[in-house]
Amino acid sequence: MMRNVLLVSLTAVVFVTAAAYGLLAASIPERAGQARLPGMRAAAEVRSDQLGVPYISAADREDAFRTLGYWHARDRLFQMELMRRKAAGRLAELFGAPAVSIDRKQRVYQFSRTARQIVADLPDAQRRGLSAYAEGVNAYLQQTGVLPPEFLALRFRPEPWQAADSILVILAMFQTLNGQEQDERMVSVMQRAMPADLVSFLTPDTDLYATVLVGGAAPRRASQSVPIAALVALPEAFVQFAQAGVDLENVVAGSNNWAVAGSKTADGRAIVANDMHLTLGVPNIWYRADLRYQDRQVYGVTLPGVPGVIVGANRHVAWGFTNVTADLLDLIALETDPEHPGAYRTPQGWRPFDSHNETIKVKGGSDIELTLQDTIWGPVSDQPLLGKPVAIKWTALERGGVDLGLIDLDAAQDVKHAMALINRAGGPPQNVVFADDEGHIGWTYMGRFPKRVGFDGLQVRAWADGTVSWQGFIPPEELPRLYDPPEGFIATANNRTLGSGYPYVIGHNWALSYRAYRIAELLGEDKVFTERDMLAIQLDSRSAALDFYRELGLRELQAVADLDRELREAQQALTVWDGYMRAESLGAAFVAEFRKQLAETVFARVVAAGQAYDPEFRYAWREMETPLRQLLSERPKGFLPTVYRDDWTRMIIAALRQTGQALRKQYPHREPSRLTWGETQRIDLQHPFSKTLPQLAEWLDMPSFDSGGCASVCVMVMGSGHGASERLALSPAHPDDALLQMPGGQSGHFLSAHYADQQAFWQDGRAVPLRGDTDGAVLQVLPD
């Protein structure tokens with residue numbers, strides 16, 4: 001009897017499982033056959049290659065965008081849904097109470113309202129492109145019988161796609177790249193807590209590896225001497241309290257890009273190389289595509305939810321991006337007065353706050369009502385600064401700050417033409433490098449940059465008296481440019497590219513310049529370059545920026561008469577390091593952790609001073625390498641925590657001990673000198689579902705692996721959850737030699753053959769052609 005019951009139960013489970021699998025398999029879209037799309041002017045064709053990359057041939061650009069929208073929705077619909085909802089502050093509708101805090105923050109920015117205004121302001125051609133793309137997405141929504149697995153699991157059907165939703169996706173990317181308030185909050189607290197000369201010393205805009213393109217080499221913020229009196233006057237601090245207060249890496253959403261002129265290649269071809277560093281997950285943020293229409297072709301990587309190619313090439317010009325790391329957001333201290341309740345002071349007098357109500361719908365819970373306030377400058381932040389309310393002035397929210405000008409690169413004929421086009425494009429500001437089919441190269445900016453009057457934007461200011469303001473954006477013709485430099489190459493890596501001779505202040509908190517320095521060092525070699533050489537540079541893990549710390553540790557250990565076991569182990573770890581952050585490198589983890597321990601100790605009193613005014617204060621300046629090395633070299637008296645009694649050698653030896661202890665605690669199976677860098681660099685690419693339901697990881701996530709690379713001090717950027725989201729090497733004169741890697745695959749469906757078929761190439765650093773052979777799958781797209 002029991003055997004029969006078990007048999008019936010097992011049979012039921014098998015049938016349910018088979019039915020569920022069948023339903024999931026049915027949601028994988030076919031890549032061949034026919035589809036009908038409303039609005040198509042003529043028939044189009046989509047051929048797929050072995051990796052599922054679509055090659056779209058259409059009558060015109062709008063039909064190509066319409067078809068791309070259909071294809072994006074087929075492969076990445078849930079990714080698109082998350083992007084528009086996250087930007088708009090509507091995640092709680094899907095995920096319930098855990099997402100409410102995210103939605104609250106997003107509603108402050110009022111992206112939904114901004115996106116609608118942007119669409120209304122766009123030129124007709126761009127607006128038509130957005131509408132065509134939305135029609136393609138909605139055609140898929142209307143025609144599909146079974147939605148992707150995530151929609152089935154959450155039991156909801158997405159709303160129709162709107163043109164404004166594509167703008168929401170762009171705004172989400174803008175926020176990722178350059179929409180954070182922490183720099184200005186940090187410096188404003190520092191200005192309150194310590195003298196101006198110390199703030200300048202701690203927030204330089206240059207370092208030993210500075211690699212500047214235009215405006216001369218001189219920086220704007222560089223302190224030549226240590227302000228000893230100001231340092232000594234800082235409050236005493238216990239080192240252990242600084243642990244969470246020093247962010248040595250302060251990882252920025254950034255990238256490497258460079259262009260090599262025809263003078264440095266065997267046949268005169270110019271090459272663009274680009275690896276964009278973003279959050280790593282499943283699916284990958286980018287989607288490969290090739291669009292052909294009229295007499296034009298544009299190909300490379302696209303962003304699901306947005307029409308057009310983001311990084312890639314047309315038939316004459318190739319381009320690649322890195323984040324400018326510009327200062328595009330100002331916090332404005334609002335002056336209020338009990339005698340003027342509900343109002344704030346402006347140059348025109350007291351003015352009442354504008355306000356409106358919004359509702360956050362919560363799955364499985366009650367709706368949450370919000371009242372949001374606005375000023376003439378922008379929305380009021382939900383987080384006061386130094387006890388005062390602040391408004392947010394941000395280019396992403398300004399009229400004219402965002403558009404789709406990037407799509408006009410499909411018509412670029414050469415580098416100079418491309419630079420003129422991109423200077424007029426809105427969106428997240430980028431360093432753009434170009435190469436054309438005649439062997440020329442160039443660099444310039446994309447995006448809008450505020451034209452500040454009366455201040456530089458580094459710290460919070462009140463704008464009520466009218467002495468400080470924005471006066472529009474820097475005119476496109478005044479953005480910096482570089483064309484065919486004598487070196488034969490141009491490289492950027494989120495570093496400071498401008499000297500003080502450039503008339504406008506673009507940014508302050510640049511990335512450490514070592515990546516750009518190392519790229520330039522490799523490109524300056526006396527050799528001819530190929531696309532495969534570009535990939536090798538993208539995978540370079542030499543970290544000369546850490547040599548200083550190895551030499552410092554070894555030098556101090558030499559002065560110790562009798563090394564105990566801990567210090568012998570430290571000496572061995574420093575000695576065996578090969579100078580690279582390869583997966584197999586020994587000692588690399590020790591050197592990196594030693595640098596971190598030193599920074600936390602040296603800046604403990606800075607953290608204490610800041611946290612006296614703001615408990616959330618963190619010292620997270622990306623150029624802190626400059627003051628850190630200067631302090632470790634000059635060793636001023638009276639600054640170290642008193643436990644070290646002004647003995648810098650004692651402090652450094654203690655940091656070596658603490659480094660070994662920290663590594664042994666985290667990796668008890670290895671002595672620090674036998675610990676490989678890869679063991680500390682375990683890379684996990686996760687699907688959004690597996691982050692809350694780990695039991696799904698086996699099906700949804702990419703397998704974990706040990707990796708080389710590092711967060712900021714080598715060209716190969718790789719870390720936990722952050723790294724190269726693609727690697728591209730492309731000459732527009734020879735597209736068949738182009739290389740591209742990206743994690744995961746084209747499809748977001750875990751049962752698809754194209755869910756993970758590109759992972760191994762990216763993970764192992766293997767060269768794979770950008771353009772593959774079609775696999776015979778052809779979809780005919782017909783007018784409906």
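It should be noted that the structure appears before, not after, this text.
Summarised in this report is the structure supplied together with it. As the structure is a prediction and not an experimental result, all values here were calculated from the model.

Thoughts on the sheet that holds strand β2 (residues 44-49)
Next up, step 1: What the eleven strands build is an open sheet, ordered β1-β29-β2-β3-β6-β7-β8-β9-β16-β17-β21; its pairing is mixed. Among the strands making up the open sheet, the edge pair consists of β1 (33-37) and β21 (481-483). Across the sheet, the mean angle from the axis of one strand to that of its neighbour is 20°, orientation sign disregarded.
Next up, step 2: For β1 and strand β29 (residues 774-783), the ladder comprises five bridges, and the chain directions are parallel. Counted as the bridge partner of A35 is V781 from β29.
Next up, step 3: In the packing of helix α2 (residues 61-88) onto the sheet, contacts are made with β1, β2, β3 (54-58), β6 (287-293), β7 (296-302) and β29, and the angle to β6 comes to roughly 155°.

Some remarks on the packing of aromatic side chains
Each pair of aromatic rings is reported with the distance of its centres and the angle of its planes.
Next up, step 1: Under the criterion given, the structure shown has 21 aromatic pairs.
Next up, step 2: Centroid distance Y109 to F111: 5.7 Å. Interplanar angle 20°. Geometry classified as stacked.
Next up, step 3: Its relative accessible area of 4% is what places Y109 among the buried residues.
Next up, step 4: Aromatic pair Y209 and Y514: ring centres 5.2 Å apart, planes at 80°, arrangement edge-to-face. Remark: Y514 occurs in helix α13 (residues 514-523) and Y209 occurs in the loop between α10 (196-202) and α11 (228-232); sequence separation between them is 305 residues.
Next up, step 5: Take Y514: its relative accessible area is 0%, and that puts it in the buried class.
Next up, step 6: These aromatic residues form a ring-pair network of at least three members: Y344, F353, W377, F455 and W463.
Next up, step 7: Positioned above the aromatic ring of W71 is the side chain of R74, whose terminal nitrogen or guanidinium carbon lies 4.1 Å from the ring centre.
Next up, step 8: Sitting above the plane of the Y483 ring, K416 keeps its charged end 4.7 Å from the centroid.

Cut-offs used in this document
Residues numbered from 1 in each chain as written. Predicted model: local features only at pLDDT ≥ 70, side-chain atom pairs only at ≥ 80, totals over all residues. Heavy atoms only, no water. Pairing = 2+ DSSP bridges. Helix = DSSP H or I, 4+ residues; strand = E, 2+ residues; numbered from the N terminus. Axes fitted to C-alpha atoms, helices over the stretch in contact; angles between N-to-C directions. Contact = heavy atoms within 4.5 Å. Phe/Tyr/Trp six-rings, centres within 6.5 Å; stacked < 30°, edge-to-face > 60°. Buried < 20%, exposed > 50% of the residue type's maximum accessible area, 1.4 Å probe, protein only. Lys NZ or Arg CZ within 6 Å of the ring centre and 35° of its normal.

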